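Here is how the chains run, residue by residue.
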Amino acid sequence: MEWKIVHIDETDSTNRWLKSHQLIAKSQEPMVVWTDYQTAGKGQGTNSWESERGKNLLFSIFYHPEGIPANRQFVISMAISLAIADALGEQIGDVSIKWPNDIYWRNGKIGGILIENRLSGQIIRDSIIGVGINVNQQHFHSDAPNPVSLWQIHGQETDREALLHEILDRFSLYIHQEIKERYKAILYRRKGFHPYSDKEGTFMATFVDVEDDGHLLLSDESGKERRYVFKEVQYII
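What counts, and at which threshold
- Residues numbered from 1 in each chain as written.
- Predicted model: local features only at pLDDT ≥ 70, side-chain atom pairs only at ≥ 80, totals over all residues.
- Heavy atoms only, no water.
- 1 Å grid on protein atoms, 1.4 Å probe; cavity = no way out; pocket = protein on both sides within 12 Å on 5 of 7 lines; lining within 4 Å.
- Points joined across faces, edges and corners; volume = space filled by probe spheres on them.
- Helix = DSSP H or I, 4+ residues; strand = E, 2+ residues; numbered from the N terminus.
- Nonpolar A, V, L, I, M, F, W, Y, C, P; charged D, E, K, R; others polar.
- Buried < 20%, exposed > 50% of the residue type's maximum accessible area, 1.4 Å probe, protein only.
- Pairing = 2+ DSSP bridges.
- Salt bridge = Lys/Arg side-chain N within 4 Å of Asp/Glu carboxyl O.
- Expected span 1.5 Å × (residues − 1).
- Phe/Tyr/Trp six-rings, centres within 6.5 Å; stacked < 30°, edge-to-face > 60°.
- Lys NZ or Arg CZ within 6 Å of the ring centre and 35° of its normal.

Asks: For this particular structure, what's the right way to read the layout of surface pockets?
Replies: Which parts of space are left empty comes out when a probe the size of a water molecule is rolled across the atoms. Here the second largest pocket is characterised by a volume of approximately 390 Å³. Every residue lining the second largest pocket is counted, 19 residues in all, and those nearest its centre are Q73, F74, S77, P100 and N101. When residues of the lining of the second largest pocket are traced back to their parent elements, those giving at least two are helix 3 (74–92) and strand 6 (108–120). A per-class count over the lining of the second largest pocket returns 9 nonpolar, 8 polar and 2 charged.

Right under this line is the structure:
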């Protein structure tokens, strides 16, 4: 896949930049914007993303899927998650994906993804994939519970642009492959019983499956199967 890559010094949000930029209206070519600093970087929901200027990899992808139905949009989440996890895993090992698409090193969060899909009937028209990866930041000051960076793990500066290209190369491959089993194989807490919480309280459960539409299936200690969409269940870490 050939990418049009744009670098900008600063923006409020790379996702918002792509959505508002006139090139999207004129062209369907895959496009990436990456920046040194976001003034209003977002995570899922109301979460913010702490990032020191020029230290981390902050980018968004504009991608026009070919024939991916709306009920299978989770394949986009799997493809970008795997691309990031594999690229980072080559450097540091012990990388996993915390369902649906947080990137973890051991019990620390090293990356996050925010995906916004637009539909045309029952087909995905286009997708904007926002990514934040903690790369060269040495200290975190927000109240986020468990951030970690590549620098904190291996003590070396990482070329952010080279890492971006590696992730894009992998995403270009994975989006066209059958990757569900590979995705499940590197999920965080994929083995054993672990603590979770939902609207009914806390419980212990083990991983069962991720369905094609992205639902998470857990089995609690009584053998009861529990099925969740994103934000309906929390990992207790």
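Asks: Looking at this structure, how should I read the pairing of strand 5 (residues 102–105)?
Replies: On a regular strand, each side chain points to the face opposite its neighbour's, so the side chains alternate between the two faces of the sheet. Along strand 5, one buried face is formed by D102 and Y104 and the opposite face, lined by I103 and W105, is buried too. Between strand 4 (residues 95–98) and the antiparallel strand that follows it, strand 5, lie 3 residues. Pairing analysis gives 3 bridges linking strand 5 to strand 6, with the strands arranged antiparallel. The residue bridging I103 from the neighbouring strand is G111, located in strand 6. Between strand 5 and strand 6, which pair antiparallel one after the other, the connecting turn spans 2 residues, and R106 there sits at a positive phi close to 55°.

Asks: Would you take a moment to explain empty space enclosed by the protein for this structure?
Replies: In the structure shown here, the tally under the stated rule is 1 cavity of 30 Å³ or more. Estimates place the volume of the largest cavity at around 40 Å³. Together, W99, L187, Y188, R189, R190, Y196, F207, L216, L218 and Y235 line the largest cavity. Classifying every residue of the lining of the largest cavity by side-chain character gives 8 nonpolar, no polar and 2 charged.

Asks: Before we go on, may I ask you to explain the sheet that holds strand 8 (residues 193–198) in this structure?
Replies: For sheets, the rule is that strands pair by backbone hydrogen bonds, running either parallel or antiparallel. Reading across from one edge, 11-10-9-8-12 is the order of the 5 strands in this open sheet, with antiparallel pairing throughout. The open sheet is flanked by strand 11 (225–228) and strand 12 (234–235), the only strands paired with a single partner. Bridge analysis of strand 9 (residues 201–210) against strand 10 (residues 216–220) gives 5 bridges, and the strand direction is antiparallel. Across the sheet, T206 pairs through a bridge with S219, a residue of strand 10.

Asks: Before we go on, may I ask you to explain the pattern of salt bridges in this structure?
Replies: A side chain with one charge can pair with a side chain of the opposite charge if their charged atoms come near. Per the stated rule, a full pass over the model turns up 19 salt bridges. Between D86 and R182 there is a salt bridge, with its nearest N and O atoms 2.9 Å apart. A residue pair is termed long-range when its members are at least 10 positions apart, and D86 in helix 3 and R182 in helix 6 (residues 180–185) qualify at 96 residues. Overall, D86 belongs to the buried group, its relative accessible area being 16%. Given a relative accessible area of 42%, R182 falls into the partly exposed group. Linking D126 and R118 is a salt bridge whose minimum nitrogen-to-oxygen distance equals 2.8 Å.

Asks: Which parts of the structure should I look at to understand helix 3?
Replies: Every α-helix winds through 3.6 residues per turn, so residues three or four apart in the chain are directed the same way. With 19 residues, helix 3 ought to run about 27 Å at 1.5 Å a step, and its terminal C-alpha atoms sit 26 Å apart, in line with that. The buried fraction of helix 3 is high, at 16 of 19 residues. In the stretch just after helix 3, G93 is the one whose phi turns positive, near 65°.

Asks: Whenever I open this one, the packing of aromatic side chains confuses me. Can you help?
Replies: Each aromatic ring pair is summarised here by two numbers: the centre-to-centre distance and the angle between the ring planes. On inspection of all chains with the given rule, the structure shows 9 aromatic pairs. When the ring of Y196 is compared with that of F203, the centres are 5.9 Å apart and the planes differ by 25°; the resulting orientation is stacked. Here the two residues Y196 and F203 agree in accessibility, since each one is buried. Centre to centre, the rings of F203 and Y228 are 6.4 Å apart; their planes meet at 15°, and the pair counts as stacked. Note that F203 is positioned in strand 9 and Y228 in strand 11, a separation of 25 residues in sequence. Here a set of aromatic residues connected by ring pairs shows up, and it is made of Y104, Y188, Y196, F203, Y228 and Y235. Above the plane of the ring of F203 lies R226, whose end atom (NZ or CZ) is 3.9 Å from the centre.

Just geometry here; none of it tells us what the structure is for.
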